[in-house]
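Fold and geometry: a report
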Amino acid sequence: MPNGIIIVNKAPGMTSFDVVYHIRKLYNMKKVGHTGTLDPDAVGVLPICLGKGTKVVDLLTNETKTYRAVMRLGITTDTQDTSGTILTKRPVNVTEEQVRSALEALMGDQMQLPPMYSAIKINGQKLVDLARKGIEVERKPRKVHFSELKIHSIDLPEVTFEVTCSKGAYIRTLCHDAGEALGCGAAMAHLTRTRVGSFSLENAVSLDELREMTPEEREARLMPVDSVFSKMPRLNAAHAAEDKLLLNGRGIRHPLSKDNDGVEFRVYTSTGDFIGIYRYEAAEQKIKLVKFFYDLS
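Residues numbered from 1 in each chain as written. Predicted model: local features only at pLDDT ≥ 70, side-chain atom pairs only at ≥ 80, totals over all residues. Heavy atoms only, no water.

Checked against the element boundaries, leucine 245 lands in helix α8 (residues 240–247). Apart from residues lying up to four places away in sequence, leucine 245 is in contact with Arg250 and Ile252. (Helix = DSSP H or I, 4+ residues; strand = E, 2+ residues; numbered from the N terminus. Contact = heavy atoms within 4.5 Å.)

Below, the discussion takes up the sheet that holds strand β16 (residues 264–268). Pairing between sheet strands relies on hydrogen bonds along the backbone, with the strands arranged either parallel or antiparallel. Ordered by their spatial adjacency, 5 strands build an open sheet running β14-β16-β17-β18-β15, and the pairing between neighbours is mixed. Edge positions in the open sheet fall to β14 (234–236) and β15 (252–253), since each of these has one partner strand only. (Pairing = 2+ DSSP bridges.)

Taking 1.5 Å of rise per residue, 12 residues should cover 16 Å, and helix α1 (residues 16–27) covers 17 Å from first to last C-alpha, within 8% of that figure. All of the buried residues in α1 are Ser16, Val19, Val20, Ile23, Leu26 and Tyr27. Along the axis of α1, the buried positions cluster into a sector of 130°, meaning they face one direction only. Counted as exposed and oriented over 90 degrees from the buried face of α1: Phe17 and Lys25. As for α1, its buried residues are in contact with β1 (4–10), β2 (32–34), β3 (43–50), α6 (207–211) and α7 (215–220). Once α1 finishes, asparagine 28 follows within two positions and takes phi at roughly 55°, a positive value. (Expected span 1.5 Å × (residues − 1). Buried < 20%, exposed > 50% of the residue type's maximum accessible area, 1.4 Å probe, protein only. Arc of directions from axis to C-beta.)

Moving on, we come to the pairing of β16. In terms of burial, β16 is a largely internal element, 4 of the 5 residues being buried. Of the strand pairs in this sheet, β14 and β16 are connected by 3 bridges, and their pairing is parallel. Bridge assignment links arginine 234 to a residue of β16, and that residue is arginine 266. Sheet analysis places β16 next to strand β17 (residues 274–281), joined by 5 bridges and oriented antiparallel. By the bridge assignment, valine 267 is partnered in β17 with glycine 276. Counted along the chain from β16 to the antiparallel partner β17, the turn is 5 residues long, and its residue glycine 272 has a positive phi close to 95°.

Here we take up the pattern of salt bridges. As enumerated under the stated definition, the model contains 8 salt bridges in all. We note a salt bridge from glutamate 180 to arginine 90, for which the minimum N-O separation is 3.2 Å. Remark: arginine 90 occurs in the loop between β6 (86–89) and α3 (96–104) and glutamate 180 occurs in helix α5 (residues 171–182); sequence separation between them is 90 residues. Of the residues examined, glutamate 180 reaches a relative accessible area of 39% and is grouped as partly exposed. Taking the relative accessible area as the measure of exposure, arginine 90 reaches 31% and is therefore partly exposed. The shortest N-O distance in the salt bridge between glutamate 264 and arginine 279 comes to 2.6 Å. With glutamate 264 in strand β16 and arginine 279 in strand β17, this residue pair connects regions lying 15 residues apart in the sequence. Owing to a relative accessible area of 33%, arginine 279 belongs among the partly exposed residues under this scheme. What emerges from the salt-bridge pattern is a single network uniting Glu281, Glu284 and Lys288. (Salt bridge = Lys/Arg side-chain N within 4 Å of Asp/Glu carboxyl O.)

As structure tokens, this is what we get:
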């Protein structure tokens, strides 16, 4: 059974669940999960986890994400993007410097009010389902974080920029809030997710490309599970006896410095097979299991 992560370059018009459905068929397996919804109109990086890879779904969902967006000033819509119904139209009498300042003011920690057209659930109901019935409910602002803003072009009324954000942040709402600060309103005209954690568009493949591949080629495109932890320091077991302890979920002694107390490592057998994530406990001079990934079958 294939284990790993396929980085899909999602096409417009598809939901994340649509992509999961097609990946199940292409890889002929049921154990498949996505790592956070991407709006149907949005495109770009959507990591899909297969087999043992589904153990990292939550980890990838919590990763920071980078987006390239086009913001259109002068309008507001019920969905906060240009696919929605226009609510207001206002003249755009702003300077490039004002646009930059409005976006820069929204960087860092923010309390963002989630849009009604979102998958967030309140009392068991998705906000988007309520919004489609014309029902608006009270939402609580959520703490999110924006960073690494790069403005690529300002060709009013459109602004193209790239931004990195935390889990739960909405780029549609960022555009809306910038438009309100500028006094002319704004809606998101286009969105491309360019990165999730360490996975970028360079790693991605479209569903059409996958359909053209042989089963062997498709399996070769899977990223290994440990690629999610590429930024973690690596440790290898010294010999077969340590392999046996680690593969049984037990810790092993390791002569690391006290500075590593609490540090998590990706740990491998003496022959280089990925076992899982272990945490160093200086008081016992041991690495202890946090999460096991090795395929014992």
